[in-house]
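# Survey of secondary and tertiary structure
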Amino acid sequence: MQPGATFILEFANKLNIKSILRYALHLQTWSPFAPESVEFTTLNFDFHPRSVHGWLINLGFHIERTLTVSHFRIGWLKRIIPPRLLAGIDSIFQWTGVLVQYSPSVFLRARVAGSVNPTPEKKNVAAYFKCPECGQSPLEITDQQILCPVCKRIWSISDGIYDFRGNDQ
C-alpha cells in the first residue's frame, strides 16, 4: 500500500462477552484473554484486538479509528426488541471501540504511516492482473483505465481502485 493509503479491516473478536462468559463457565477450553488467534471452526478464526493492533503497527500502519459492532448478537434479544431500535442502540455503542472491544466484531481504519514498500510502477502492477474475460496477462494500464490487448475489453480505475466488476466498453 502507498504511504497515506487507508486500510479498513473487520475481524472476529475473541475477547467478546459471550466468549468470556463461556470461558468462565468452563464451556470452552481456549482463553479469550490469550493473544493468539483461535480457529473456532474450520477456517473461521477469532483474533485478540491487541494482537491485531500490534500486527498493524508492526507493518507500518497508524490506527485511526476502532468501532465495535454487533453488541447485541443474542437471539432472544433480537426477537423481543424491534430491529431498528436494536440497530440504533448498537450504533451508540460502536464508538466505545476506542476504549474497549468486547463485541463479536471489530472494525479498524488504519493508514499507512510511512513507506512500507515503494510504490510499484504501472507496468509492474499490470503483471498482477489478468483479463477476467479472456485470461490475457499482462494488461495495459493507464491512469484511468485497464485495457486487454487481446479481447479489447476496458475497465475503469477510479480513485486508484481497479474495477473489474463491469465492462466499461
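Structure shown above.
We now turn to the structure provided with this report. It should be emphasised that the depicted structure is a prediction, and the values quoted were computed from it without experimental measurement. (Residues numbered from 1 in each chain as written. Predicted model: local features only at pLDDT ≥ 70, side-chain atom pairs only at ≥ 80, totals over all residues. Heavy atoms only, no water.)

## Observations concerning the packing of aromatic side chains
To keep it simple, the criterion reads: Between rings of Phe, Tyr and Trp, where Trp is taken as its six-membered ring, a pair exists when centres lie within 6.5 Å; planes separated by under 30 degrees are stacked, by over 60 edge-to-face, and by other angles tilted. Only DSSP runs of H or I reaching four residues or more are called helices, and only runs of E reaching two or more are called strands; each is numbered from the N terminus. Only protein chains enter the calculation, and the probe is 1.4 Å; a residue is then buried if its accessible area is under 20% of its type maximum, exposed if over 50%, and partly exposed in between.
Counted under the stated rule, the structure contains 7 aromatic pairs. Where F7 meets F61, the ring centres are 5.3 Å apart and the plane angle is 40°; that geometry is what we call tilted. With F7 in strand β1 (residues 6–12) and F61 in strand β4 (residues 61–69), this pair connects stretches of sequence that are 54 residues apart. With relative accessibility at 27%, the residue F7 sits in the partly exposed group. Relative to F164, the ring of F129 lies with its centre 5.2 Å away and its plane at 50°, an arrangement referred to as tilted.

## Observations concerning the sheet that holds strand β7 (residues 145–147)
Threshold: Pairing between strands requires that DSSP locate at least two bridges from one strand to the other.
Strand order across the open sheet formed by 4 strands is β6-β7-β8-β9, with antiparallel pairing between neighbours. Two strands close off the open sheet at either side, each with one partner strand: β6 (140–141) and β9 (161–163). Bridge count for strand β8 (residues 154–158) against β9 is 3 bridges, and the pairing is antiparallel. Within the sheet, the bridge partner assigned to S156 lies in β9 and is D163.

## Considerations on the side chain of S105
Basically, it comes down to this: The term polar contact refers here to a pair of N or O atoms within 3.5 Å; inside protein, the definition further demands a hydrogen-donor-capable atom paired with an acceptor-capable atom, and it admits residues adjacent in sequence only when both atoms are side-chain atoms. Any two residues whose heavy atoms approach within 4.5 Å are treated as being in contact.
You can see S105 is positioned in strand β5 (residues 105–112). A polar contact is formed between the side chain of S105 and the side chain of E10, at a distance of 3.1 Å. Other than its neighbours up to four places away in sequence, S105 contacts E10, F11, N13, L67, T68, V69 and R73.

## Some thoughts on the pattern of salt bridges
Just so we agree on the cut-off: A carboxyl oxygen of Asp or Glu within 4 Å of a side-chain nitrogen of Lys or Arg is what we treat as a salt bridge.
Counted under the stated rule, the structure contains 3 salt bridges. Here R109 ties to E64 by a salt bridge, and the two come within 3.0 Å at their closest N and O atoms. Note that R109 is positioned in strand β5 and E64 in strand β4, a separation of 45 residues in sequence. Taking relative accessible area as the criterion, R109 reaches 31% and is therefore assigned partly exposed. Taken together, the shared-partner salt bridges connect E64, R109 and R111 into one network.

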